[in-house]
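Each chain, written out:
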Amino acid sequence: RRCPTDRCPGTPTSGMPDPEPPALSWFFLSPVQVDVTEQSGTRYYVEAWMYVTDIGSGFKMAELTFTSSTESSGIRTYTYGSEDRITGGENEGVFKAKFWFESYDEGGLWGLKRLWLSDYDSNARTYEAKHLYLFG
């Protein structure tokens, strides 16, 4: 798929393919870790904020993967460019994801393992947790 002529890298009518994945400018996660205890019916809320740019086809989605402290359990959550954008447009903006852990999830500490970004041209970039903390 080629990026739309009004958003292509280079000249607006170049019709060039979109070779670049989205890029993260900053990232904020609160809280950084969640301690899931066995209090029945309790939800543990987390918010992620990120500023993403994509010079070609536009930011489509992000996948955040969390793992338990034993790394035997994992949870994924998603944010979508068109639905979860706070400010900006398809090619750059602030996006917010809000999600939760349930009391029946594996007990103990949960933390972010990776963030995966994708654009409308299926270009993708992965940020491991140890690198994400440099963006906060």
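Here we summarise the structure given alongside this text. Note that the structure is a prediction, hence the values are computed from the model and not measured.

How each quantity is defined
- Residues numbered from 1 in each chain as written.
- Predicted model: local features only at pLDDT ≥ 70, side-chain atom pairs only at ≥ 80, totals over all residues.
- Heavy atoms only, no water.
- Core = buried A, V, L, I, M, F, W, Y, C linked by side-chain atoms within 4.5 Å.
- Buried < 20%, exposed > 50% of the residue type's maximum accessible area, 1.4 Å probe, protein only.
- Helix = DSSP H or I, 4+ residues; strand = E, 2+ residues; numbered from the N terminus.
- Contact = heavy atoms within 4.5 Å.
- Polar contact = N/O pair within 3.5 Å; in protein donor to acceptor, adjacent residues only side chain to side chain.
- Pairing = 2+ DSSP bridges.
- Axes fitted to C-alpha atoms, helices over the stretch in contact; angles between N-to-C directions.

What about the nonpolar core?
Note on soluble globular proteins: their nonpolar side chains tend to be buried together.
Consideration 1: Counting 24 residues, the largest nonpolar core has Phe 27, Met 50 and Leu 115 as the members making the most contacts within it.
Consideration 2: Those elements that provide at least two residues to this core are β1 (23–30), β2 (33–36), β3 (43–53), β4 (59–68), β7 (92–102) and β8 (108–119).
Consideration 3: The element best represented in this core is β3, accounting for five residues.
Consideration 4: Not counting the four nearest positions on each side in its chain, Leu 115 is found in contact with Leu 24, Phe 27, Met 50, Ala 62, Glu 63, Leu 64, Arg 125, Thr 126, Tyr 127 and Leu 132.

Section: the side chain of Thr 79
Consideration 1: Along the chain, the position of Thr 79 falls in strand β5 (residues 74–80).
Consideration 2: Here Asp 84 takes part through its side chain, which lies 3.1 Å from a polar atom of the side chain of Thr 79.
Consideration 3: Apart from the residues lying within four places of it in its own chain, the contact partners of Thr 79 are Met 50, Lys 60, Met 61, Ala 62, Asp 84, Phe 95, Lys 96 and Ala 97.

Description of the sheet that holds strand β6 (residues 85–89)
Consideration 1: In space, the four strands of this open sheet follow the order β1-β3-β7-β6, with antiparallel pairing throughout. Every other strand in the sheet has two partners, leaving β1 and β6 as the edge strands with one partner each. Averaged over all adjacent pairs, the angle separating strand axes in this sheet is 20 degrees, with direction ignored.
Consideration 2: Bridge analysis of β6 against β7 gives four bridges, and the strand direction is antiparallel.

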